[in-house]
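# Summary of structural features
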Amino acid sequence: MPAIKAILCRVGKLSFLLLVPVLFTLKSSAQVRSIINFDKGWHFHLGDTTNAEQSTFTDANWRVLNLPHDWSVEGTFSKDNPATPEGGALPGGIGWYRKTFTVPVSAKSKLIYIDFDGVYQKSTVWVNGHELGFRPNGYISFRYELTPYLNFGGQNTIAVKVDNSVQPNSRWYSGSGIYRNVWLVTTGKTAIDHWGTYVTTSEVSAQSAKVDLKVKIRNNVSLSKIGIETKIYDALGKIVAAVGNIISKKDQQDSIINFDQVIPLDKPILWSVDHPYLYKIVTQVTVDGKMVDDYTTPLGIRYFNFDADKGFSLNGKHLKILGVCDHHDLGSLGSALNYRALERQLQELKEMGCNAIRTSHNPPAPELLELTDKMGFIVMDEAFDCWEWAKVKYDYHLYFKQWHKRDLEDQVLRDRNHPSVIIWSIGNEIPQQADTSALRIAPDLAAIVHSLDKTRPITTANDRPDTNNKIVKSGAIDLIGYNYHEYDYAKFHDRYPGKKFIATETTSDLQTRGHYDMPSDSIRIWPSRGDDKFVGNADNTVSAYDNVRPPWGSTHEATWKAMKKYNMLSGFFIWTGWDYLGEPTPYSWPSRSSYFGIIDLAGFPKDVYYMYQSEWTNKPVLHIFPHWNWTPGQTIDIWAYYNHADEVELYVNGKSVGIKKKTGDDLHVMWRLKFEPGTLKAVSRKDGKVVLTQKIHTAGKPAKIELNADRSVINADGKDLSFVTVKILDKDGNVVPDASNLVNFKINGNAFIASVDNGDPVSHDPFKADYRKAFNGLALAIVQAKETPGNITFTATADGLQPATITIKAK
Ligand code: GAL
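Looking at an unreviewed UniProt entry, the protein carries the name Beta-galactosidase, with the source organism given as Mucilaginibacter mallensis. Taken directly from UniProt, the Sequence similarities (unreviewed entry) text for the protein runs: "Belongs to the glycosyl hydrolase 2 family."

Shown next, in the form of structure tokens:
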């Protein structure tokens, strides 16, 4: 047993007779709180209907599905869909969900709640015909209590109406439906409240830390003594500290009881982006000696500082925040939350050296924060894309006045225990930056956040960095955020003496994976926002040489160079890590998804990924591009991103065409050559010794398919995924860089194809299909496990090509 640490206890507002610090022996160790995933077996109807909230309604003809579910991504792309191409060109509408379930009579002594992690949007929820409430915000998590309306021992029906019919209501793809998880939570009548703990740490050093846990208990019974015992477990599950408190009280029913425990911890292992060490806090509640609740709170111990001159530091060490902005969609899976899909997004970013995520421009799925805690990302947790003024006609500005307080409070209460959350953002490019109303709203929002968490700075992502910015003028912001305007970084301290600085959004460089226009060294600036003429390639491709940008943006290299120059800059968030559905800037049908990602929608890295990897990781990198399939005699620019070497030599068909070295602040080297078919070989060297070699061969005609599963063993849990990359190869095994063969998929075993993609922002083929054309040589099929273990055989065939089969095991 661990040594019992010093015990401190304060009690909230309530009067008490006795306060006894004690570590008690619990009468029961059984789990008293139950949290059940409630995703399975919902009935769904697309379209409005009458009386569907009533228990007596018959939904037998409705489609049966498991959540999370996004009905938009199942639809057909059309520029006439009211979401517009900016919103992803997919249908919205109204949808109804119903689920019938039983509750045992024995649960009568319990309190039962339903928790929704996110419903897009305007949801109304009923249980047994009784309306529980309405939430307009599509990104917020919320709970309803079911207890008073349940039939114990009988059938119960939850009905949810989701209204995403009034569009456009978003500047990017939102998805529609109950697109995040749903939970059924059962507690006793004395239990820790919803999001009822708050953990902070202080006096953190290598020797010790103070963990401060505030616990809010909701009590519905008469009691004489209530106690809590809190244990801290390390990552191996060992108890490293514990504290217990009992208060005796003459308490009323329907009361709130607050405990405040301060728990010293010896030799804490700190949480950081490189070593995201997590503890777990388990709090047990007793009433008159009997255990009535237990509750887990995540714990990561870290401290950080933003400094006006030196930028950001984590645990006392300087750290540049190397972040990306991402929207919430998961590419071809739409916005339907899937843990593995989200994890894969983060893994690819981590491999690139990225250490931070901005949840643009809304509260994320709770799983994102679980993953960022676990994987080591700093999070800028954002609340709003608009306040009272609209960006698009039917966006959240319609609800802001009535709902902002509730929504912002819920976001902070839900997310404030995550060590990865380091910055709160109360708005992105708020149009009211220019208006005196910001002097009222910004302090109001900041006060809401600070009333619940004072440990993190508040920022806004400003596209008006001048001193007339009313949000900044209001004094509400701890950390001044610039979107773009990197040419203004130098003026920052003259403008805002003594202020702390972060580049909340940068770059917006556009690229199509695998597409290259010559020459590569002139910057192309795309027309301004709102201009719907796609000035560029007739097929809506955009060159992947990091040289095409909108007027407000800048190239990846220019941004990163600026970023390196200024110590005062805490860091930045590139727009964007991954391509996302919607916002195909410039707004250019037939495109229906973005070009901004460092990684395409299917998850295939664009070339610039390796520029970041060469700069941000210690991994040796040599990446040359483009492909080597051109017209003989054509002038081609060959770029190399590299590190750990002082030169790169390029050979064409065995003949050296020159050694190149980066000088000054160069981030790549380039050769300009006349194309001749054959082999391009690059060799990077350090002190004359070969570090890495890369070869690209001119590919012949498509001859065969190659399949690679990212994971060949997955969990038979109905949710896990294997991402299968489909490559079109010539007879010698080279990827054919312009291959667009139509590939058909077949699956045998207990799995199904969740979706398909190829990263092409212009394709209107459905994502929910068992076929996909390759795009620039590649396609993707996402295999989803069912719930029975066994082997899954996945086969890909295409006319005239040698087929391929792989086996994935579900266990
Ligand atoms: C920013 C905006 C983002 C996205 C981006 C595209 O101004 O904050 O949401 O629209 O432009 O470049």
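Further notes follow.
### Concerning the layout of surface pockets
Of the volumes computed, that of the second largest pocket is approximately 1100 Å³. Along its surface, the second largest pocket is lined by 40 residues, and Pro605, Tyr610, His623, Lys727 and Leu778 are the ones closest to its centre. Of all elements in the fold, only helix H1 (339–352), helix H8 (608–616), strand E33 (622–625), strand E39 (689–697) and strand E42 (721–729) reach the threshold of two or more residues within the lining of the second largest pocket. Considering every element that reaches the lining of the second largest pocket, the biggest residue donor is H1, with five residues. Tallied by class, residues from the lining of the second largest pocket come to 15 nonpolar, 14 polar and eleven charged.

### Some points on the site of the ligand
In the neighbourhood of the ligand, 13 residues make up the surrounding shell, with His361, Glu429, Glu505, Ser508 and Glu583 lying closest. Within the side chain of serine 508, an N or O atom sits 2.5 Å from an oxygen atom of the ligand. With respect to the ligand, the side chain of glutamate 583 contributes an N or O atom lying 2.4 Å from an oxygen atom.

### Here we look at helix H2 (residues 366–375)
Among the ten residues of H2, eight are classified as buried, and the element is accordingly described as predominantly covered. Taken together, the buried positions of H2 are occupied by Pro366, Glu367, Leu368, Leu369, Leu371, Thr372, Asp373 and Met375. A positive phi of about 85° marks glycine 376, the residue just after H2.

### A short note on the packing of H1 against H2
Taken N-terminus to C-terminus, the directions of H1 and H2 make an angle of 40°; their axes are 10 Å apart at the nearest point. Considering the angle they form, H1 stands oblique to H2. Seen along the crossing, H1 lies across H2 with a hand that is right-handed. Of the residues in H2, those touching H1 at Tyr339, Leu342, Glu343, Leu346, Gln347 and Lys350 are Glu367, Leu368, Glu370, Leu371, Thr372, Lys374 and Met375. Grouping the amino acids of the contact of H1 with H2 by side-chain chemistry returns six nonpolar, two polar and five charged.

### Quick word on the side chain of asparagine 547
With respect to the helices and strands, asparagine 547 occurs in the loop between strand E30 (524–525) and strand E31 (548–549). Overall, the relative accessible area of 1% leaves asparagine 547 in the buried class. Among the polar contacts listed, one links the side chain of asparagine 547 to the backbone oxygen of serine 520, at a separation of 3.0 Å. With residues near it in sequence (within four places) discarded, asparagine 547 still touches Asp509, Pro519, Ser520, Asp521, Ser522, Ile523, Arg524 and Thr555.

### Section: the sheet that holds strand E24 (residues 356–359)
Pairing is parallel in the closed barrel, where eight strands are placed in the order E23-E24-E25-E26-E27-E28-E29-E32. The average angle at which neighbouring strand axes cross in this sheet is 25°, direction not considered. Bridging between strand E27 (residues 458–462) and strand E28 (residues 479–483) involves four bridges; their strand directions are parallel. Its bridge partner lying in E28, alanine 461 is registered against glycine 481. Across the sheet, helix H3 (residues 397–415) lies against strand E25 (378–382) and strand E26 (421–428), angled at about 165° from E26, the strand it touches most. In the packing of helix H7 (residues 556–565) onto the sheet, contacts are made with strand E23 (321–326), strand E29 (500–507) and strand E32 (569–575), and the angle to E32 comes to roughly 170°.

### Here's the deal with the packing of aromatic side chains
The description of two aromatic rings rests on the distance between their centres and on the angle between their planes. If you walk through the whole model with that rule in mind, you get 41 aromatic pairs. Measuring from ring centre to ring centre gives 6.4 Å for tryptophan 387 and phenylalanine 400, while their planes differ by 25°; the resulting arrangement is stacked. Taken together, the residues tryptophan 387 in the loop between E25 and H3 and phenylalanine 400 in helix H3 connect sequence positions 13 residues apart. Relative accessible area serves as the criterion here: at 1%, phenylalanine 400 is assigned to the buried category. Members of the aromatic cluster, connected to one another through ring pairs, are Tyr482, Tyr489, Phe492, Tyr496, Phe501 and Tyr566. Its guanidinium or amino end placed over the ring of tyrosine 642, lysine 662 lies 4.3 Å from that ring's centre, counting from NZ or CZ. The residue whose ring lies beneath lysine 681 is tyrosine 651, and the NZ or CZ to ring-centre distance is 5.1 Å.

### Remarks on the state of the cysteines
Taken as a whole and assessed by the stated rule, the structure comprises zero disulfides. Of all cysteine sulfurs, the one in cysteine 354 lies closest to cysteine 325, which takes part in no disulfide; the gap is 10.0 Å. Judged by its relative accessible area of 0%, cysteine 325 falls in the buried class. Judged by relative accessible area, cysteine 354 falls into the buried class, the value being 1%.

### A look at the UniProt feature "domain: DUF4982" (unreviewed entry) in the protein
Here, UniProt's "domain: DUF4982" (unreviewed entry) annotation points to residues 633–691. In the segment residues 633–691, helix accounts for 0% and strand for 63%; the C-alpha atoms at its two ends are 31 Å apart.

### A few points about the UniProt feature "domain: Glycoside hydrolase family 2 catalytic" (unreviewed entry) in the protein
UniProt records the feature "domain: Glycoside hydrolase family 2 catalytic" (unreviewed entry) for residues 309–486 in the present numbering. The span residues 309–486 carries 35% helix and 22% strand; its end-to-end C-alpha distance comes to 17 Å.

### Some words on the pairing of E23
Of all the six residues making up E23, six are buried; the element is thus mostly covered by neighbouring parts of the structure. Side chains of E23 alternate between two faces, with Ile321, Gly323 and Cys325 and Leu322, Val324 and Asp326 buried alike. The sheet contact formed by E23 and E32 spans five bridges and is parallel. Bridged to cysteine 325 within E32 is tryptophan 575. Alignment of E23 against E24, held across four bridges, turns out to be parallel. When the sheet's bridge partners are listed, glycine 323 is paired in E24 with alanine 356. For the handedness criterion, the β-α-β arrangement of E23, H1 and E24 is classed as right-handed.

How each quantity is defined
- Residues numbered from 1 in each chain as written.
- Predicted model: local features only at pLDDT ≥ 70, side-chain atom pairs only at ≥ 80, totals over all residues.
- Heavy atoms only, no water.
- UniProt positions renumbered as here; feature names shortened; annotations may be inferred.
- 1 Å grid on protein atoms, 1.4 Å probe; cavity = no way out; pocket = protein on both sides within 12 Å on 5 of 7 lines; lining within 4 Å.
- Points joined across faces, edges and corners; volume = space filled by probe spheres on them.
- Helix = DSSP H or I, 4+ residues; strand = E, 2+ residues; numbered from the N terminus.
- Nonpolar A, V, L, I, M, F, W, Y, C, P; charged D, E, K, R; others polar.
- Near = heavy atom within 4 Å.
- Polar contact = N/O pair within 3.5 Å; in protein donor to acceptor, adjacent residues only side chain to side chain.
- Buried < 20%, exposed > 50% of the residue type's maximum accessible area, 1.4 Å probe, protein only.
- Axes fitted to C-alpha atoms, helices over the stretch in contact; angles between N-to-C directions.
- Parallel < 35°, antiparallel > 145°, perpendicular 65-115°, else oblique.
- Left-handed = near helix turned anticlockwise from the far one by under 90°.
- Contact = heavy atoms within 4.5 Å.
- Pairing = 2+ DSSP bridges.
- Phe/Tyr/Trp six-rings, centres within 6.5 Å; stacked < 30°, edge-to-face > 60°.
- Lys NZ or Arg CZ within 6 Å of the ring centre and 35° of its normal.
- Disulfide = S-S within 2.5 Å.
- Right-handed = clockwise from strand over helix to strand, strands pointing away.

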